[in-house]
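If you want the building blocks of each chain, they are given just below.
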Amino acid sequence: MNLAVVLVSPKTPGNVGSAARAMLNMGASDLRIVAPRCDYLDSQAVAMAVHAADLLRSARVYPTLREALADRDLSVGTSARLRADLPAPRHPALIRPLVRQAAAPALVFGPEETGLVNSDLEQCQVTVRIPTGDYASLNLAQAVLLVCYEFLQGQDEPAPVTRKTATREEMEAMYGHLQETMHLIGYTDAVRARHTLRLWRALLDRALMSSAESRLFRGFLRQVKWKVDQAAKEGTPPDTAASPAGPAQTD
Ligand code: SAH
(Lines give C-alpha, C1' and ligand atoms only; values in the text may rest on other atoms or scores of the structure.)
Protein backbone atom coordinates (compact mmCIF):
# COMPACT_ATOMS: atom_id res chain seq x y z
CA MET A 1 0.00 0.00 0.00
CA ASN A 2 1.26 3.45 -0.91
CA LEU A 3 0.82 4.71 2.67
CA ALA A 4 2.73 7.83 3.77
CA VAL A 5 3.37 8.45 7.46
CA VAL A 6 3.64 12.14 8.31
CA LEU A 7 5.19 13.22 11.61
CA VAL A 8 4.43 16.84 12.47
CA SER A 9 7.26 18.59 14.37
CA PRO A 10 8.67 15.60 16.26
CA LYS A 11 10.99 16.58 19.13
CA THR A 12 12.78 13.36 20.12
CA PRO A 13 15.12 11.66 17.63
CA GLY A 14 14.50 8.28 19.30
CA ASN A 15 10.80 8.58 18.58
CA VAL A 16 11.43 9.24 14.90
CA GLY A 17 13.77 6.23 14.70
CA SER A 18 11.22 4.02 16.48
CA ALA A 19 8.47 5.28 14.19
CA ALA A 20 10.62 4.32 11.16
CA ARG A 21 11.07 0.85 12.63
CA ALA A 22 7.33 0.51 13.22
CA MET A 23 6.69 1.49 9.61
CA LEU A 24 9.14 -1.10 8.28
CA ASN A 25 7.52 -3.73 10.52
CA MET A 26 4.13 -2.89 9.02
CA GLY A 27 5.26 -2.62 5.40
CA ALA A 28 5.09 1.18 5.00
CA SER A 29 8.11 3.05 3.65
CA ASP A 30 7.19 6.67 2.86
CA LEU A 31 8.20 8.74 5.91
CA ARG A 32 7.54 12.48 5.81
CA ILE A 33 8.59 14.91 8.51
CA VAL A 34 7.13 18.40 8.85
CA ALA A 35 9.30 21.08 10.50
CA PRO A 36 11.35 18.74 12.71
CA ARG A 37 12.50 20.11 16.07
CA CYS A 38 15.45 17.72 16.31
CA ASP A 39 18.18 16.11 14.24
CA TYR A 40 16.15 13.07 13.25
CA LEU A 41 19.27 11.38 11.84
CA ASP A 42 21.31 11.51 15.04
CA SER A 43 22.81 8.38 16.61
CA GLN A 44 19.85 7.82 18.95
CA ALA A 45 17.40 7.88 16.04
CA VAL A 46 19.50 5.50 13.94
CA ALA A 47 19.93 3.14 16.92
CA MET A 48 16.17 3.02 17.53
CA ALA A 49 15.45 2.48 13.83
CA VAL A 50 17.61 -0.69 13.79
CA HIS A 51 16.98 -2.20 10.32
CA ALA A 52 14.88 0.78 9.29
CA ALA A 53 17.89 3.16 9.16
CA ASP A 54 17.62 3.43 5.35
CA LEU A 55 13.93 4.22 5.58
CA LEU A 56 14.82 6.93 8.12
CA ARG A 57 17.53 8.36 5.86
CA SER A 58 15.17 8.49 2.93
CA ALA A 59 12.59 10.53 4.91
CA ARG A 60 11.53 13.74 3.22
CA VAL A 61 11.26 17.01 5.15
CA TYR A 62 8.54 19.61 4.46
CA PRO A 63 8.12 23.10 5.87
CA THR A 64 4.33 22.75 6.28
CA LEU A 65 1.74 19.98 6.62
CA ARG A 66 -0.02 21.29 3.55
CA GLU A 67 3.08 20.65 1.44
CA ALA A 68 3.58 17.19 2.96
CA LEU A 69 0.01 16.25 2.00
CA ALA A 70 -0.10 17.93 -1.42
CA ASP A 71 0.07 14.72 -3.52
CA ARG A 72 -2.11 12.62 -1.18
CA ASP A 73 -5.77 11.81 -1.93
CA LEU A 74 -6.71 10.90 1.65
CA SER A 75 -5.33 12.23 4.89
CA VAL A 76 -6.14 10.58 8.19
CA GLY A 77 -5.35 12.53 11.37
CA THR A 78 -4.69 10.92 14.73
CA SER A 79 -5.61 12.27 18.13
CA ALA A 80 -5.49 11.01 21.69
CA ARG A 81 -8.14 13.52 22.69
CA LEU A 82 -11.70 14.33 21.77
CA ARG A 83 -12.03 17.92 20.56
CA ALA A 84 -15.25 19.70 21.30
CA ASP A 85 -15.30 21.64 18.04
CA LEU A 86 -14.22 18.89 15.59
CA PRO A 87 -15.97 15.70 14.42
CA ALA A 88 -15.45 12.81 16.86
CA PRO A 89 -12.48 10.57 16.01
CA ARG A 90 -13.25 7.05 14.79
CA HIS A 91 -11.76 3.67 15.58
CA PRO A 92 -8.92 2.98 13.08
CA ALA A 93 -10.50 -0.32 11.99
CA LEU A 94 -13.60 1.55 10.78
CA ILE A 95 -11.48 3.70 8.48
CA ARG A 96 -9.57 0.79 6.95
CA PRO A 97 -11.86 0.41 3.90
CA LEU A 98 -11.48 4.11 3.11
CA VAL A 99 -7.69 3.85 3.38
CA ARG A 100 -7.47 0.68 1.30
CA GLN A 101 -9.49 2.25 -1.50
CA ALA A 102 -7.35 5.37 -1.63
CA ALA A 103 -4.56 5.55 -4.19
CA ALA A 104 -2.28 7.70 -2.00
CA PRO A 105 -3.30 7.79 1.66
CA ALA A 106 -1.42 9.61 4.44
CA LEU A 107 -1.47 9.14 8.19
CA VAL A 108 -0.71 12.24 10.23
CA PHE A 109 0.80 12.20 13.74
CA GLY A 110 1.30 15.16 16.06
CA PRO A 111 4.11 16.52 18.23
CA GLU A 112 4.85 14.59 21.42
CA GLU A 113 3.68 17.20 23.92
CA THR A 114 0.69 18.82 22.29
CA GLY A 115 -0.62 16.54 19.55
CA LEU A 116 -2.03 17.99 16.32
CA VAL A 117 -3.60 21.43 16.49
CA ASN A 118 -7.06 22.06 15.03
CA SER A 119 -5.69 23.65 11.85
CA ASP A 120 -3.74 20.40 11.20
CA LEU A 121 -6.79 18.22 11.84
CA GLU A 122 -8.84 20.40 9.50
CA GLN A 123 -6.56 19.23 6.67
CA CYS A 124 -7.52 15.62 7.39
CA GLN A 125 -10.79 14.17 6.08
CA VAL A 126 -11.06 11.86 9.06
CA THR A 127 -9.46 11.51 12.48
CA VAL A 128 -8.82 8.26 14.28
CA ARG A 129 -8.24 7.56 17.95
CA ILE A 130 -6.79 4.34 19.35
CA PRO A 131 -8.98 3.23 22.24
CA THR A 132 -7.03 3.15 25.51
CA GLY A 133 -7.48 3.08 29.26
CA ASP A 134 -7.86 6.36 31.11
CA TYR A 135 -4.36 7.48 30.10
CA ALA A 136 -4.96 8.00 26.39
CA SER A 137 -1.70 9.57 25.25
CA LEU A 138 0.45 6.88 23.62
CA ASN A 139 4.10 7.24 22.76
CA LEU A 140 4.36 8.62 19.20
CA ALA A 141 6.09 5.55 17.70
CA GLN A 142 3.68 3.17 19.44
CA ALA A 143 0.77 5.11 17.97
CA VAL A 144 2.39 4.81 14.51
CA LEU A 145 2.73 1.04 15.02
CA LEU A 146 -0.87 0.52 16.12
CA VAL A 147 -2.53 2.63 13.44
CA CYS A 148 -0.36 1.15 10.64
CA TYR A 149 -1.17 -2.30 12.00
CA GLU A 150 -4.90 -1.62 11.69
CA PHE A 151 -4.59 -0.20 8.19
CA LEU A 152 -2.35 -2.91 6.82
CA GLN A 153 -4.61 -5.77 7.89
CA GLY A 154 -6.40 -7.75 5.21
CA GLN A 155 -3.64 -7.25 2.64
CA ASP A 156 -4.21 -10.79 1.42
CA GLU A 157 -7.88 -10.09 0.70
CA PRO A 158 -8.73 -9.15 -2.90
CA ALA A 159 -7.72 -5.55 -3.49
CA PRO A 160 -10.70 -3.19 -3.36
CA VAL A 161 -11.29 -0.99 -6.38
CA THR A 162 -9.00 2.00 -6.00
CA ARG A 163 -10.86 5.29 -5.86
CA LYS A 164 -9.62 8.26 -7.86
CA THR A 165 -10.06 11.31 -5.66
CA ALA A 166 -8.66 14.82 -5.93
CA THR A 167 -5.32 15.42 -4.23
CA ARG A 168 -5.18 17.41 -1.00
CA GLU A 169 -3.49 20.21 -2.94
CA GLU A 170 -6.48 20.43 -5.31
CA MET A 171 -8.89 20.35 -2.36
CA GLU A 172 -6.94 23.02 -0.42
CA ALA A 173 -6.87 25.26 -3.52
CA MET A 174 -10.63 24.73 -3.85
CA TYR A 175 -11.19 25.65 -0.18
CA GLY A 176 -9.07 28.80 -0.63
CA HIS A 177 -11.24 29.70 -3.63
CA LEU A 178 -14.42 28.96 -1.67
CA GLN A 179 -13.28 31.20 1.19
CA GLU A 180 -12.55 34.10 -1.22
CA THR A 181 -16.00 33.67 -2.75
CA MET A 182 -17.65 33.60 0.67
CA HIS A 183 -16.03 36.96 1.49
CA LEU A 184 -16.86 38.35 -1.94
CA ILE A 185 -20.58 37.73 -1.58
CA GLY A 186 -20.72 38.51 2.16
CA TYR A 187 -21.68 34.92 3.02
CA THR A 188 -19.45 35.10 6.08
CA ASP A 189 -17.34 37.66 7.91
CA ALA A 190 -13.80 37.64 9.31
CA VAL A 191 -15.01 36.50 12.75
CA ARG A 192 -17.09 33.53 11.61
CA ALA A 193 -15.06 32.59 8.52
CA ARG A 194 -12.99 29.86 10.14
CA HIS A 195 -15.97 28.08 11.67
CA THR A 196 -18.06 28.42 8.51
CA LEU A 197 -15.31 27.05 6.33
CA ARG A 198 -14.73 24.16 8.70
CA LEU A 199 -18.39 23.11 8.24
CA TRP A 200 -18.05 23.31 4.46
CA ARG A 201 -14.80 21.38 4.51
CA ALA A 202 -16.45 18.58 6.48
CA LEU A 203 -19.34 18.47 4.00
CA LEU A 204 -17.22 18.54 0.85
CA ASP A 205 -14.51 16.21 2.16
CA ARG A 206 -17.20 13.59 2.77
CA ALA A 207 -17.99 13.69 -0.95
CA LEU A 208 -14.52 12.30 -1.84
CA MET A 209 -14.55 14.44 -4.99
CA SER A 210 -12.60 13.55 -8.10
CA SER A 211 -10.20 16.09 -9.65
CA ALA A 212 -12.78 16.83 -12.35
CA GLU A 213 -15.47 17.47 -9.71
CA SER A 214 -13.20 19.87 -7.83
CA ARG A 215 -12.68 21.75 -11.10
CA LEU A 216 -16.44 21.73 -11.72
CA PHE A 217 -16.99 23.31 -8.31
CA ARG A 218 -14.32 25.94 -8.96
CA GLY A 219 -15.92 26.72 -12.31
CA PHE A 220 -19.10 27.53 -10.39
CA LEU A 221 -17.12 29.79 -8.01
CA ARG A 222 -15.53 31.58 -10.97
CA GLN A 223 -18.98 32.23 -12.42
CA VAL A 224 -20.11 33.75 -9.11
CA LYS A 225 -17.14 36.14 -9.16
CA TRP A 226 -17.72 36.99 -12.81
CA LYS A 227 -21.33 37.85 -12.07
CA VAL A 228 -20.45 40.02 -9.08
CA ASP A 229 -17.72 41.86 -11.04
CA GLN A 230 -20.10 42.35 -13.94
CA ALA A 231 -22.79 43.77 -11.68
CA ALA A 232 -20.24 46.11 -10.05
CA LYS A 233 -19.12 47.34 -13.49
CA GLU A 234 -22.65 47.99 -14.63
CA GLY A 235 -23.70 49.44 -11.28
CA THR A 236 -26.64 47.06 -11.07
CA PRO A 237 -27.49 44.56 -8.38
CA PRO A 238 -26.25 41.06 -9.32
CA ASP A 239 -29.73 39.59 -9.80
CA THR A 240 -30.61 42.01 -12.60
CA ALA A 241 -27.23 42.17 -14.33
CA ALA A 242 -27.26 41.19 -17.95
CA SER A 243 -25.48 37.89 -18.32
CA PRO A 244 -24.50 37.19 -21.88
CA ALA A 245 -22.56 34.05 -22.43
CA GLY A 246 -20.51 34.70 -19.26
CA PRO A 247 -17.21 32.93 -18.82
CA ALA A 248 -19.03 29.67 -19.62
CA GLN A 249 -16.55 27.67 -17.63
CA THR A 250 -17.65 24.51 -16.02
CA ASP A 251 -14.31 22.97 -15.44
N1 SAH B 1 -0.59 15.05 24.59
C2 SAH B 1 -1.05 14.86 23.26
C3 SAH B 1 -0.62 13.50 22.75
C4 SAH B 1 0.59 13.58 21.99
S5 SAH B 1 1.20 11.99 21.65
C6 SAH B 1 -2.55 14.94 23.18
O7 SAH B 1 -3.17 14.92 24.22
O8 SAH B 1 -3.10 15.00 22.09
C9 SAH B 1 1.86 12.19 20.04
C10 SAH B 1 1.00 11.72 18.91
O11 SAH B 1 0.78 10.30 19.02
C12 SAH B 1 -0.40 12.31 18.85
O13 SAH B 1 -0.39 13.60 18.26
C14 SAH B 1 -1.07 11.30 17.97
O15 SAH B 1 -0.66 11.51 16.64
C16 SAH B 1 -0.48 9.99 18.46
N17 SAH B 1 -1.31 9.39 19.52
C18 SAH B 1 -1.02 9.27 20.83
N19 SAH B 1 -2.00 8.65 21.47
C20 SAH B 1 -2.96 8.35 20.55
C21 SAH B 1 -4.22 7.68 20.60
N22 SAH B 1 -4.76 7.20 21.73
N23 SAH B 1 -4.91 7.56 19.44
C24 SAH B 1 -4.41 8.05 18.28
N25 SAH B 1 -3.23 8.68 18.18
C26 SAH B 1 -2.51 8.83 19.30
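Summarised in this report is the structure supplied together with it.

How each quantity is defined
Residues numbered from 1 in each chain as written. Predicted model: local features only at pLDDT ≥ 70, side-chain atom pairs only at ≥ 80, totals over all residues. Helix = DSSP H or I, 4+ residues; strand = E, 2+ residues; numbered from the N terminus. Expected span 1.5 Å × (residues − 1). Near = placed C-beta within 6 Å. Nonpolar A, V, L, I, M, F, W, Y, C, P; charged D, E, K, R; others polar. Core = buried A, V, L, I, M, F, W, Y, C linked by C-beta atoms within 7 Å. Buried ≥ 20, exposed ≤ 12 C-beta atoms within 10 Å, placed from the backbone. Contact = placed C-beta atoms within 7 Å. Arc of directions from axis to C-beta. Pairing = 2+ DSSP bridges. Axes fitted to C-alpha atoms, helices over the stretch in contact; angles between N-to-C directions. Parallel < 35°, antiparallel > 145°, perpendicular 65-115°, else oblique. Left-handed = near helix turned anticlockwise from the far one by under 90°.

1. Observations regarding helix 10 (residues 211-234)
Between its terminal C-alpha atoms helix 10 stretches 35 Å, which fits the 34 Å expected from 24 residues at 1.5 Å a residue. Among the residues trailing helix 10, Gly235 stands out with phi positive, at a value near 70 degrees.

2. Considering the site of the ligand
Not every one of the 18 residues close to the ligand is listed here, only the nearest: Ala80, Gly110, Gly115, Leu138 and Ala143. Here the shell around the ligand is built from residues that sort into eight nonpolar, seven polar and three charged.

3. Section: the nonpolar core
Within the largest apolar cluster, 48 residues are counted, with the highest numbers of intra-cluster contacts made by Val5, Val6, Ala19, Ala20, Met23, Val108 and Val144. Residue contacts for Val108: discarding those within four places in its chain leaves Val6, Val8, Leu65, Ser75, Val76, Gly77, Thr78, Leu116, Asp120 and Cys124.

4. So, helix 7 (residues 140-152)
In this model helix 7 runs 18 Å from its N-terminal to its C-terminal C-alpha over 13 residues, within 8% of the 18 Å that 1.5 Å per residue would give. Turning to helix 7, its buried residues number three or more, namely Leu140, Ala141, Ala143, Val144, Val147, Cys148 and Phe151. Considered in projection along helix 7, the buried side chains sweep an arc of 155 degrees and stay on one side of the axis. Considering only its buried residues, helix 7 is in contact with strand 1 (4-8), helix 1 (13-26), strand 4 (74-78), helix 5 (92-101), strand 5 (105-109) and strand 6 (126-128). Just downstream of helix 7 lies Gly154, where phi reads positive at about 75 degrees.

5. Considerations on the sheet that holds strand 4
Pairing is parallel in the open sheet, where six strands are placed in the order 3-2-1-5-4-6. Single-partner strands in this sheet number two, and they are strand 3 (60-62) and strand 6. Across this sheet, the average inter-strand angle for adjacent strands is 25 degrees, counted without regard to direction. Looking at chain direction, strand 1 and strand 5 are connected through four bridges and run parallel. Paired with Val6 across the two strands is Val108, which belongs to strand 5.

6. Thoughts on the packing of helix 8 (residues 168-184) against helix 9 (residues 193-206)
Two packed helices can be described by the angle between their axes and the distance between those axes. For the pair helix 8 and helix 9, interaxial distance at closest approach is 11 Å and the crossing angle is 130 degrees. The pairing of helix 8 with helix 9 is recorded here as oblique in orientation. Helix 8 and helix 9 meet at a crossing whose hand is right-handed. Of the residues in helix 9, those touching helix 8 at Tyr175, Leu178, Gln179 and Met182 are Ala193, Thr196, Leu197, Trp200 and Arg201. Tallied by class, residues from the contact of helix 8 with helix 9 come to six nonpolar, two polar and one charged.

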